[in-house]
Amino acid sequence: MNNLVQEAQVLQEELVGIRRHLHVHPEIGMELPQTTVFVKKKLEEMGYEPKAAGPGGLSVVAGGKKPGKCFLIRADMDALPIDEASDDTCRSTNGCMHACGHDFHTTMLLGAAKLLKAHEDRIQGSVKLMFQPGEELLLGAKSMIEHGILDNPQVDAAAMFHVAVGMPFPAGTILIPGGGAYSSASDHFEVTIQGKGGHGAMPEHCVDPILVASHLYLNLQTIISREIAPAETAVISTGIIKAGEVNNVIPDTASMKGTIRTYNAEVREFILNRVQEVAIKTAETFRAKAETHIIEGCPSVFIDAKVATDVRQILGSVFGKAVINPTELGIPRLGGSEDFSFVTQKVPSVMLMLSAGSPEEGYAYSMHHPKAIFNEAVLSQGAAAYAITALGWLEKNAPVHGVKA
Ligand SMILES: [Zn+2]
Ligand SMILES: [Zn+2]
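1. Observations concerning the pairing of strand E16 (residues 349-355)
Phase 1: The element E16 is largely enclosed, with a buried count of seven among its seven residues.
Phase 2: With seven bridges joining them, strand E5 (residues 157-164) and E16 adopt parallel strand pairing. Bridge assignment links Met160 to a residue of E16, and that residue is Met351.
Phase 3: When strand E6 (residues 174-175) meets E16, the two strands line up antiparallel, connected through two bridges. Bridged to Leu175 within E16 is Met353.

2. Digging into the coordination of the zinc ion (ligand 2)
Phase 1: Coordination sphere of the zinc ion (ligand 2), protein contribution only: Cys100 (SG), His102 (NE2) and His162 (NE2), at 2.1 to 2.4 Å.
Phase 2: The metal-metal distance between the zinc ion (ligand 2) and the zinc ion (ligand 1) is 3.2 Å, with Cys100 serving as a donor to both. Taken together, the positions of His102 in helix H4 (residues 102-118) and His162 in strand E5 put the pair 60 residues apart, joining distant regions of the chain. Note on accessibility: His102 and His162 belong to one class, buried.

3. Considerations on the domain arrangement of the protein chain
Phase 1: Structurally, the protein chain comprises domain 1 (2-181 + 300-396) and domain 2 (185-298).
Phase 2: The distance between the C-alpha centroids of domain 1 and domain 2 comes to 37 Å.
Phase 3: Contacts between the two partners involve 12 residues from domain 1, matched on the other side by eight residues from domain 2.
Phase 4: Of the roughly 780 Å² buried at the junction of domain 1 and domain 2 (both faces included), carbon and sulfur atoms supply 52%.
Phase 5: Summed over the three residues of domain 1 that lose the most area to domain 2, namely Ser300, Arg333 and Ser337, the buried surface amounts to 54% of that side.

4. Some words on the sheet that holds strand E10 (residues 234-243)
Strand pairs in the sheet, formed through backbone hydrogen bonds, run parallel or antiparallel to each other.
Phase 1: Spatially, the four strands line up as an open sheet ordered E10-E12-E8-E13, and their pairing is antiparallel. Two strands in the sheet have a free side with no partner beyond their single neighbour: E10 and strand E13 (289-298). Taking the axes of each pair of neighbouring strands and ignoring which way they run, one obtains an average angle of 15 degrees across the sheet.
Phase 2: Relative to strand E12 (residues 253-262), strand E8 (residues 185-194) runs antiparallel, the two being bridged by 10 bridges. Across the sheet, residue Phe189 finds its bridge partner in E12, namely Gly258.
Phase 3: Lying over the sheet, helix H6 (residues 209-227) contacts E8, E10 and E12, oriented at roughly 175 degrees with respect to E10.

5. Some words on a nonpolar patch on the surface
Phase 1: Residues Tyr217, Leu218 and Ile241 make up a contiguous nonpolar surface patch of about 300 Å² in total accessible area.
Phase 2: Looking at the element boundaries, Tyr217 is found in helix H6.
Phase 3: Exposure remark for Tyr217: the relative accessible area of 37% places this residue in the partly exposed category.

6. So, the coordination of the zinc ion (ligand 1)
Phase 1: At 2.0 to 2.8 Å from the zinc ion (ligand 1) lie its protein donor atoms, namely Cys100 (SG), Glu136 (OE), Glu136 (OE) and His368 (NE2).
Phase 2: The coordination sphere of the zinc ion (ligand 1) comprises four donor atoms, whose angles at the metal cover 51 to 150 degrees; the geometry is irregular.
Phase 3: One chain supplies every donor to the zinc ion (ligand 1), and in sequence these donors are spaced C-x35-E-x231-H.
Phase 4: Residue Glu136 is classed as partly exposed on the basis of its relative accessible area of 22%.

7. What to know about the nonpolar core
Phase 1: Core analysis: the biggest nonpolar cluster contains 99 residues, and Ile73, Leu116, Leu315 and Phe319 have the highest contact counts within it.
Phase 2: A total of 11 residues in this core trace back to one element, the largest contributor, which is helix H10 (residues 379-396).
Phase 3: Beyond its immediate stretch of four places on either side in the chain, Leu116 contacts Tyr48, Ala62, Ile73, Ile123, Val127, Leu129, Ala387 and Leu391.
Phase 4: Grouped together as the second largest cluster of nonpolar side chains are 25 residues, Ile228, Ile271, Val278 and Ala279 included.

8. As for the packing of aromatic side chains
Phase 1: Following the criterion strictly, the structure yields three aromatic pairs and no others.
Phase 2: On the numbers, 5.1 Å between centres and 75 degrees between planes, the contact of Phe161 with Tyr386 is edge-to-face. In this pair, Phe161 is assigned in strand E5 and Tyr386 in helix H10, connecting sequence segments 225 residues apart. Side by side, Phe161 and Tyr386 carry an identical accessibility label, which is buried.

9. A closer look at the sheet that holds strand E4 (residues 125-132)
Phase 1: In spatial order, the strands read E1-E2-E4-E3-E5-E16-E6-E15; together these eight strands make up an open sheet with mixed pairing. Because the sheet does not close on itself, it has two edges, and the strands there are strand E1 (51-52) and strand E15 (323-324).
Phase 2: Bridge count for strand E3 (residues 69-76) against E4 is eight bridges, and the pairing is parallel. Residue pairing across strands places Ile73 opposite Leu129, the latter belonging to E4.

10. With respect to H6
Phase 1: With 19 residues, H6 extends 26 Å from end C-alpha to end C-alpha; this agrees with the ideal 27 Å at 1.5 Å per step.
Phase 2: The largest bend along H6 reaches roughly 25 degrees and is located at Gln221.
Phase 3: For H6, the set of buried residues is Pro209, Val212, Ala213, Leu216, Leu220 and Ile223.
Phase 4: The elements touched by buried residues of H6 are E8, E10, strand E11 (249-250), E12 and helix H7 (265-285).
Phase 5: The N-capping residue of H6, defined by a side-chain oxygen 2.8 Å from the backbone nitrogen of Ile210, is Asp208.

11. Observations concerning the pattern of salt bridges
Phase 1: For the coordinates displayed, the defined rule picks out 19 salt bridges.
Phase 2: Glu14 serves as the salt-bridge partner of Lys114, at 3.0 Å between the closest nitrogen and oxygen. Pair noted here: Lys114 is in helix H4 and Glu14 is in helix H2 (residues 12-24), with a separation of 100 residues, a long-range link.
Phase 3: With a relative accessible area of 32%, Lys114 lands in the partly exposed category.
Phase 4: Assessed through its relative accessible area of 35%, Glu14 is described here as partly exposed.
Phase 5: A salt bridge links Glu277 to Arg274; the nearest nitrogen and oxygen atoms lie 2.8 Å apart. With Glu277 and Arg274 both in helix H7 and three residues apart, the pair spans about one turn of that helix.
Phase 6: Classification of Glu277 as partly exposed rests on a relative accessible area of 41%.

Cut-offs and rules
Residues numbered from 1 in each chain as written. Chains lettered and ligands numbered in written order. Predicted model: local features only at pLDDT ≥ 70, side-chain atom pairs only at ≥ 80, totals over all residues. Heavy atoms only, no water. Buried < 20%, exposed > 50% of the residue type's maximum accessible area, 1.4 Å probe, protein only. Helix = DSSP H or I, 4+ residues; strand = E, 2+ residues; numbered from the N terminus. Pairing = 2+ DSSP bridges. Donors = N, O, S within 2.8 Å, 3.2 Å for Na, K, Ca; no water. Domains from an automatic or database assignment. Contact = heavy atoms within 4.5 Å. Buried area = accessible area lost by both parts, 1.4 Å probe. Axes fitted to C-alpha atoms, helices over the stretch in contact; angles between N-to-C directions. Patch = residues over 30% accessible without salt bridge, like charges linked within 9 Å, V, L, I, M, F, W, Y side chains within 5 Å. Areas by Shrake-Rupley, 256 points an atom, 1.4 Å probe, with all protein chains shown as cover. Salt bridge = Lys/Arg side-chain N within 4 Å of Asp/Glu carboxyl O. Tetrahedral: all angles 85-135°; square planar, octahedral: opposite > 155°, others 65-115°. Core = buried A, V, L, I, M, F, W, Y, C linked by side-chain atoms within 4.5 Å. Phe/Tyr/Trp six-rings, centres within 6.5 Å; stacked < 30°, edge-to-face > 60°. Expected span 1.5 Å × (residues − 1). Bend = angle between axes of the 7 residues up to and from the residue. Polar contact = N/O pair within 3.5 Å; in protein donor to acceptor, adjacent residues only side chain to side chain.

Set out below in structure tokens:
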């Protein structure tokens, strides 16, 4: 496998070129017209026949010459609606930014595609490469699953990489978590409180929706503090409260919007229900009415312990001490969300992280920050790691004596 690392290093300059092209031309959402044309062309140049999987989604398959299982490796391709303010030489100027590093993921998976093509004869089964849109909307993975990305050939296990900056790990560190829930489920709530507006000096003739919103803001926190077991982790954050425009007028309505993060499916369902109940009952207490709306985002990424162990052995044998288990460092979970979770619900999977620079190395801003920068030196390592993960897992799980295991 070490030869793949060297072969990837030869591709480094080409990968930097691809990454810079993607970084200068970021696109957001589910369609990504320029990005998909670019990626498709690159894959065709390598000898692949890319297939569409829903809007903005592409896939190719490497291998299939030897019997074996099918391993999926995934990269997301979408950017964020952030005006870039970094010092990057390839800074984007179109109002969008690859602030989450998805330009790295796309580049690394293209690099892996090239490496896998060069070694197609030795693949024990097949590798499916998934190029996904709309991760930031938490819609892309679900859409690609609905359009058959996990079928034909049927996927047996899957992995994804996410780059990380602004975290205390030197560039090139690969984080492989233990089994279980890793990222949080993400859901949004919206509450509209209908009161009765009027003169600020005569509250007795009014039903004050701001009072309801104030109580509701606090009541929602009591779901976490009084109804969820201390051993569980859950967050309710109200990010928006809007009401009123004039000092001496009690408004008719108030609105609140927020986010709910959980790691356990039962806790998730409980909180989604309780947020609505508490909103409706709090409004009733003060003679108002509340209408609630839940926007379900994505579940928690579930790491399969067996796949994680296999991949830790495979990457550990190549990258040595650069491979670490964040659980052992007291970071068993990620705060953010990742829509690869929909894949992890269907097939045993692992989510891996690759550091692209720590604050000590000059990469102080974390993902989603308009000043975030990422170290391009890890591109070839990422490409090699994607390919090695897939090849290694397929070898480890290859059929015994020609019989499918
Ligand atoms: Zn992101
Ligand atoms: Zn991301």
